[in-house]
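Structural description and commentary
For reference, the chains in residue letters:
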Amino acid sequence: MNVKKINCVRATIPVAAAATRVQAPRMRLALHATAPDGASLHRCTACARMLPVTHFYASHTKYRLHRCKRCATRAQRAYMAARRTSPYFRMLCTLRRHAGRSEHARRFQEADVAAVVRAFHGRSALSDKPAKRLVLVRWRPSAPLHPGNAVPLTSREAAAHRAVRCVEDAYPAAAVARTDTRLRQTQTA
Ligand SMILES: [Zn+2]
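Residues numbered from 1 in each chain as written. Predicted model: local features only at pLDDT ≥ 70, side-chain atom pairs only at ≥ 80, totals over all residues.

1. Points about the pairing of strand β7 (residues 150-154)
Here is the rule: Note on burial: count the other C-beta atoms lying within 10 Å of the residue's C-beta; 20 or more is buried, 12 or fewer is exposed, in between is partly exposed, and C-beta positions come from the backbone. Secondary structure elements follow DSSP: runs of H or I no shorter than four residues count as helices, runs of E no shorter than two count as strands, and numbering proceeds from the N terminus. Whether two strands pair depends on DSSP finding at least two bridges between them.
Counting buried positions along β7 gives 5 out of 5 residues, so the element sits mostly inside the fold. Burial along β7 is two-sided: A150, P152 and T154 and V151 and L153, pointing in opposite directions, are all buried. Bridge count for strand β6 (residues 134-138) against β7 is 5 bridges, and the pairing is antiparallel. Residue R138 lies in a different strand from β7, and its bridge partner there is A150.

2. Some thoughts on the nonpolar core
Rules: For our purposes the nonpolar core covers buried Ala, Val, Leu, Ile, Met, Phe, Trp, Tyr and Cys residues that link as a set through C-beta atoms within 7 Å. A residue pair is marked as a contact if its C-beta atoms, positioned from the backbone, fall within 7 Å.
Core analysis: the biggest nonpolar cluster contains 21 residues, and M91, V135, L136, V137, A150, V151 and L153 have the highest contact counts within it. Counting residues per element, this core draws most heavily on β6, which supplies 4 residues. Beyond its immediate sequence surroundings of up to four residues, L153 is in contact with S124, A125, L126, L134, V135, V137, A158 and H161.

3. A short note on the pairing of strand β4 (residues 40-43)
In the sheet, strand β3 (residues 32-34) pairs with β4 via 3 bridges, with the strands oriented antiparallel. Each residue of the ladder has a partner; that of T34, found in β4, is S40. Hairpin connection of β3 to β4: 5 residues between the antiparallel strands, including G38 at a positive phi of 95 degrees. In the sheet, β4 pairs with strand β5 (residues 50-52) via 3 bridges, with the strands oriented antiparallel. Counted as the bridge partner of H42 is L51 from β5. The turn joining β4 and β5, which pair antiparallel and follow one another in sequence, is formed by 6 residues; a positive phi near 65 degrees is taken by A48.

4. What about the sheet that holds β4?
Backbone-to-backbone hydrogen bonds pair the strands of a sheet. The strands run either parallel or antiparallel. Rules: Here an angle of 0 to 180 degrees is reported between the N-to-C directions of two axes, which are lines fitted to C-alpha atoms, with helices fitted over the stretch in contact.
Pairing is antiparallel in the open sheet, where 3 strands are placed in the order β3-β4-β5. Single-partner strands in this sheet number two, and they are β3 and β5. Within this sheet the neighbouring strands show an average axis-to-axis angle of 40 degrees, counted without direction.

Below you can see the structure in the form of structure tokens.
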């Protein structure tokens, strides 16, 4: 048994199993069929069952039926579970909770969180400490929330920062200048 493993998109599977999957000939299955009672059946592209059209979610934008309702629900649950465990998604939830129901908070997406964290190399903007659980906060409270005005901080720094009214008064000039430079790089990147 080959114990070496490779990372696939969905799961980690053994190399031997991955090779067999690649070499296996692709079976061409009919997408449509007619039931003995004359009802039209469609093949689910995920579970390969032949099902009546009522087992699929209707869509105005799709010309073909893909996954059945059961498979679509499972895929959606798996997607949401994966999102919940994503650190960027957790940071986005915390950011939105503190930012309130503003248009700017709604526009802030998981990809924006990732861009800001990458710009600061996964470290706190103020202490430059690598933190396991970073929190994203609005840098200047007077400016709207957008990727050019959000910084990652440790949870303790973030709690103190939320009470700050003016960053120039609260932090050393060097720290403010360094953070502003990094934020400008986020905007140009
Ligand atoms: Zn299915």
